[in-house]
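A closer look at the structure
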Amino acid sequence: SPEVTINYRHGLPVVTLTLPTRSERCRFTVKPMVTTVGAFLQDVQREDKGIERAEVFATDGSKVSDATLMEVLLMNDFKLVINNTAYSVSPPVKDNLSSEHATEMEDIKSLVHRLFVALHLEDHQVRKERELLQKLDRLKEELLPLEQMKARIMESADAKTSRLLWVGLALMSTQGGALAWLTWWVYSWDIMEPVTYFITYGSAMAFYAYFVLTRQDYIYPDAKDRQFLHYFYRKSKKQHFNVERYNKLKEDLAEAEESLRRLRQPLHLRLPIQEINDKD
């Protein structure tokens, strides 16, 4: 018979057609979940070198793409054109297949999925690890000049902050010495007591003004850090140090290192011992 027929054997569709040159029936067993229409047509043309044209059309006349899976094609009727002959093909309805065949098909799908994961997951992890290592190298290379500039700016800001603290101590010591000299050698305590009171009250006003302006209590470590940041940002602006870019690069570096740590945790359980030692 010149017709194209499709039957299921052991859960797989078998397409039977007549080769035009050899005039004999030939069977093609199809793996519907991995075979495309284009691959099936190539198999047919390889079997008979006299086939110059092999195409598949839907019932409405539209051409079926070569990238379409045979599993999708076999869901509906279609036309198979070989050279100048068109064959109307009616695949068996899947619902009419025996439960045994349907179970076999599901088992095959599950097996294909497990094989894919087993063969490709480790390669994907190794490739991802390589990409993260390249990203880390790039980020560290970009951060190196910024780190060096930041270290110089921090050293300068720390030195200025320390000088300011020592100046404050010197001024307080000078004030205490002057009050003592005025109290015991120039005037009496009766005269100096109101002076010390207003100096104390003025200091309290200064601390309150600090709170109003900064919304922070005047605590020496916090005040020192605030002054350090003031010097740091002022020096960064003068030397064109991009603080925002530096912080962004540091965040990206930390994120990449965390991603690499998470990736290597299962990766070291899968890689051969030799590869793990090479990486360490």
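In this text, all values refer to a predicted model and were calculated from it rather than measured experimentally. (Residues numbered from 1 in each chain as written. Predicted model: local features only at pLDDT ≥ 70, side-chain atom pairs only at ≥ 80, totals over all residues. Heavy atoms only, no water.)

What follows deals with the pattern of salt bridges. All chains considered together, the criterion is met by 10 salt bridges. The closest approach of N and O atoms between Glu 24 and Arg 22, which form a salt bridge, is 2.4 Å. The exposure class assigned to Glu 24 is partly exposed, which follows from its relative accessible area of 34%. Take Arg 22: its relative accessible area is 40%, and that puts it in the partly exposed class. Residues Lys 248 and Asp 252 are paired through a salt bridge, measuring 2.9 Å at the closest nitrogen-oxygen approach. Of the two residues, Lys 248 and Asp 252 both sit in helix α6 (residues 243-270), 4 residues apart, roughly one turn of that helix. Taking the relative accessible area as the measure of exposure, Asp 252 reaches 17% and is therefore buried. Through salt bridges with shared partners, one network takes in Arg 22, Glu 24 and Glu 47. (Salt bridge = Lys/Arg side-chain N within 4 Å of Asp/Glu carboxyl O. Buried < 20%, exposed > 50% of the residue type's maximum accessible area, 1.4 Å probe, protein only. Helix = DSSP H or I, 4+ residues; strand = E, 2+ residues; numbered from the N terminus.)

Counted according to the given criterion, the structure contains 4 aromatic pairs. Ring geometry for Tyr 197 and Tyr 201: centres 6.5 Å apart, planes at 15°, overall stacked. Of this pair, Tyr 197 and Tyr 201 both sit in helix α4 (residues 189-214), 4 residues apart, which is roughly one turn of that helix. The exposure class of Tyr 201 is partly exposed, given its relative accessible area of 47%. Ring geometry for Phe 241 versus Tyr 246: centroids 5.7 Å apart, planes at 50°, classification tilted. According to the relative accessible area criterion, Phe 241 is buried, its value standing at 6%. In textbook terms, an aromatic cluster arises when at least three aromatic residues are bridged by ring pairs, as seen for Tyr 197, Phe 198 and Tyr 201. (Phe/Tyr/Trp six-rings, centres within 6.5 Å; stacked < 30°, edge-to-face > 60°.)

We now examine α4. With 26 residues, α4 extends 37 Å between its outermost C-alpha atoms, agreeing within 8% with the 38 Å of an ideal straight helix rising 1.5 Å per residue. Every buried residue belonging to α4 is among Met 192, Thr 196, Tyr 210 and Thr 214, and all of these are buried. Looking at the residues trailing α4, positive phi occurs at Arg 215, about 55°. (Expected span 1.5 Å × (residues − 1).)

This next bit is on the confidence of the model for the chain. Low-pLDDT portions of the prediction should not be read for the details of their coordinates. With 83% of its residues at a pLDDT of at least 70, the chain reaches an overall mean of 80. Model confidence for the chain, summarised as mean pLDDT per element, is weakest for helix α7 (residues 273-279) at 44 and strongest for strand β4 (residues 54-58) at 92. (pLDDT = per-residue confidence, 0-100.)

Moving on, we get to the sheet that holds strand β3 (residues 24-29). With respect to topology, 3 strands assemble into an open sheet ordered β1-β2-β3, the strand pairing being antiparallel. The open sheet terminates on both sides in strands that have one partner only, identified here as β1 (5-9) and β3. Averaged over all neighbouring strand pairs, the angle between strand axes comes to 30°, with direction disregarded. In this sheet, strand β2 (residues 12-19) lies alongside β1 in antiparallel orientation, the contact comprising 5 bridges. Along β2, the bridge assignment pairs Asn 7 with Val 14. Across the face of the sheet, helix α1 (residues 37-47) comes into contact with β2 and β3 while running at roughly 145° to β3. (Pairing = 2+ DSSP bridges. Axes fitted to C-alpha atoms, helices over the stretch in contact; angles between N-to-C directions. Contact = heavy atoms within 4.5 Å.)

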